[in-house]
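Single-letter residue listing:
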Amino acid sequence: MTDINYQTKADKTLLYFTVPIVILIAICSGIGIWYQDLYSRETIDWLSQTIGQDISNLFFVVPILLVFSFYASNGNKIAKIIWIGTMITNIYSYVIYCFAVHFNFLFHVYCLILGLSIYSVIYFSINNFKEDFRNWFTEKVPTKAIGNFLLIIAVIFVLLWLSQSLPGVLTNTVPESINSGGLLTNPVHALDFSFYLPLMFISAVMLIKKKTLGYLLAPMMTVFGIITNINIICLMSVSMEKTSSNNMPMIIVFSIFTIVCLGFLWLMLKNISKQSNT
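S.K.: I would appreciate a short explanation of a nonpolar patch on the surface in the present structure.
M.R.: Taken together, the side chains of Val-155, Leu-159, Leu-162, Leu-166, Val-169, Leu-170, Phe-193 and Phe-201 make up a nonpolar region of the molecular surface, amounting to roughly 710 Å² of accessible area. Only α5 (143–171) and α7 (187–208) provide two or more residues apiece to the nonpolar patch. Of the residues forming the nonpolar patch, the biggest block, 6 residues, is contributed by α5. The topology assignment puts Leu-159 in helix α5. Leu-159 gets classed as exposed once you look at its relative accessible area, which sits at 54%.

S.K.: Mind showing me how you'd approach helix α2 (residues 44–73) here?
M.R.: For an α-helix, 3.6 residues make a turn, and residues three or four places apart therefore share a direction. With 30 residues, α2 ought to run about 44 Å at 1.5 Å a step, and its terminal C-alpha atoms sit 41 Å apart, in line with that. Downstream of α2 by one or two residues, Gly-75 has phi in the positive range, about 95 degrees.

S.K.: Hey, could you run me through the packing of aromatic side chains in this one?
M.R.: Aromatic rings considered in pairs are described by the distance between their centres and by the relative angle of their planes. According to the stated counting rule, one finds 16 aromatic pairs in the structure shown. Between Tyr-94 and Tyr-110 the ring centres are 6.2 Å apart and the planes differ by 50 degrees, which places this aromatic pair in the tilted class. Pair noted here: Tyr-94 is in helix α3 (residues 77–100) and Tyr-110 is in helix α4 (residues 107–127), with a separation of 16 residues, a long-range link. Of the two residues, Tyr-94 and Tyr-110, both sit in the buried class. A ring pair is formed by Phe-195 and Tyr-196, whose centres lie 5.0 Å apart and whose planes are at 85 degrees; its orientation type is edge-to-face. With a relative accessible area of 45%, Phe-195 lands in the partly exposed category.

S.K.: It is not clear to me how α7 should be interpreted in this structure. Could you clarify?
M.R.: Its 22 residues give α7 an end-to-end C-alpha distance of 30 Å, which sits within 8% of 32 Å, the value for a rise of 1.5 Å per residue. Helix geometry: α7 is bent most strongly at Phe-193, by close to 50 degrees. Buried within α7 we find Pro-187, Val-188, His-189, Leu-191, Asp-192, Tyr-196, Leu-197, Leu-199, Met-200, Ser-203, Ala-204 and Leu-207. Two to three positions downstream of the cap, the backbone nitrogen of Val-188 sits 2.9 Å from a side-chain oxygen, assigning the N-cap of α7 to Asn-186. Looking at the residues trailing α7, positive phi occurs at Lys-210, about 60 degrees.

Criteria and cut-off values
Residues numbered from 1 in each chain as written. Predicted model: local features only at pLDDT ≥ 70, side-chain atom pairs only at ≥ 80, totals over all residues. Heavy atoms only, no water. Patch = residues over 30% accessible without salt bridge, like charges linked within 9 Å, V, L, I, M, F, W, Y side chains within 5 Å. Areas by Shrake-Rupley, 256 points an atom, 1.4 Å probe, with all protein chains shown as cover. Salt bridge = Lys/Arg side-chain N within 4 Å of Asp/Glu carboxyl O. Helix = DSSP H or I, 4+ residues; strand = E, 2+ residues; numbered from the N terminus. Buried < 20%, exposed > 50% of the residue type's maximum accessible area, 1.4 Å probe, protein only. Expected span 1.5 Å × (residues − 1). Phe/Tyr/Trp six-rings, centres within 6.5 Å; stacked < 30°, edge-to-face > 60°. Bend = angle between axes of the 7 residues up to and from the residue. Polar contact = N/O pair within 3.5 Å; in protein donor to acceptor, adjacent residues only side chain to side chain.

Right, dumping it as structure tokens:
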């Protein structure tokens, strides 16, 4: 991974952003997992999801961000893509912590993690504004296959979330997913409908049309899909323990889905150009 042929210019600022973020995430997640009274005002459903997210953050997101920020800060192209994909997933998670978890003594830490994550992505975007990401890859990238895969993912989740929220809109009732979580609205639906699923559509179309930004957005959103699947697997596992529900079929489905996403990510990243941009 450290081969100079796979590198762009080094930028230690990515590491400076990431280290405090992962330290704060580790603290928050550790407290959430081992001091569950922190979530004493959550319903059993939302408690399961929050602890599941803490487990995913501590054992998956923290190591991924820390390792890949180190390589990304040295200019590694693959690491930069995985880092940005994980960081936008982190923003997703901490918007939910800030707005959908009852106020607790970690509130300001949640806000700090969210702010640092947002500004790190803004910094990356500004710093790479003129970058031609298409030149990061060879001509062998299966753009149509990867783009169509992302379109399929986006359509599936649009239909899935609509099946949960649209009946409530049409009948002027509150969906069960909101009632069971003791929420005002479903933050996952809000984030996906307003930003993340449209971004997945945009990244897919741009990659199919071989637009330069599509070569960054498509693998970035694939990483988002992988980390999100891991989050879902973790929260479903916790829910099984807390509620005695049988989530094993869905855990198997999302595990297979994660492997498929990893396969498509590999299809793209294996075609990173060996030509140095330094």
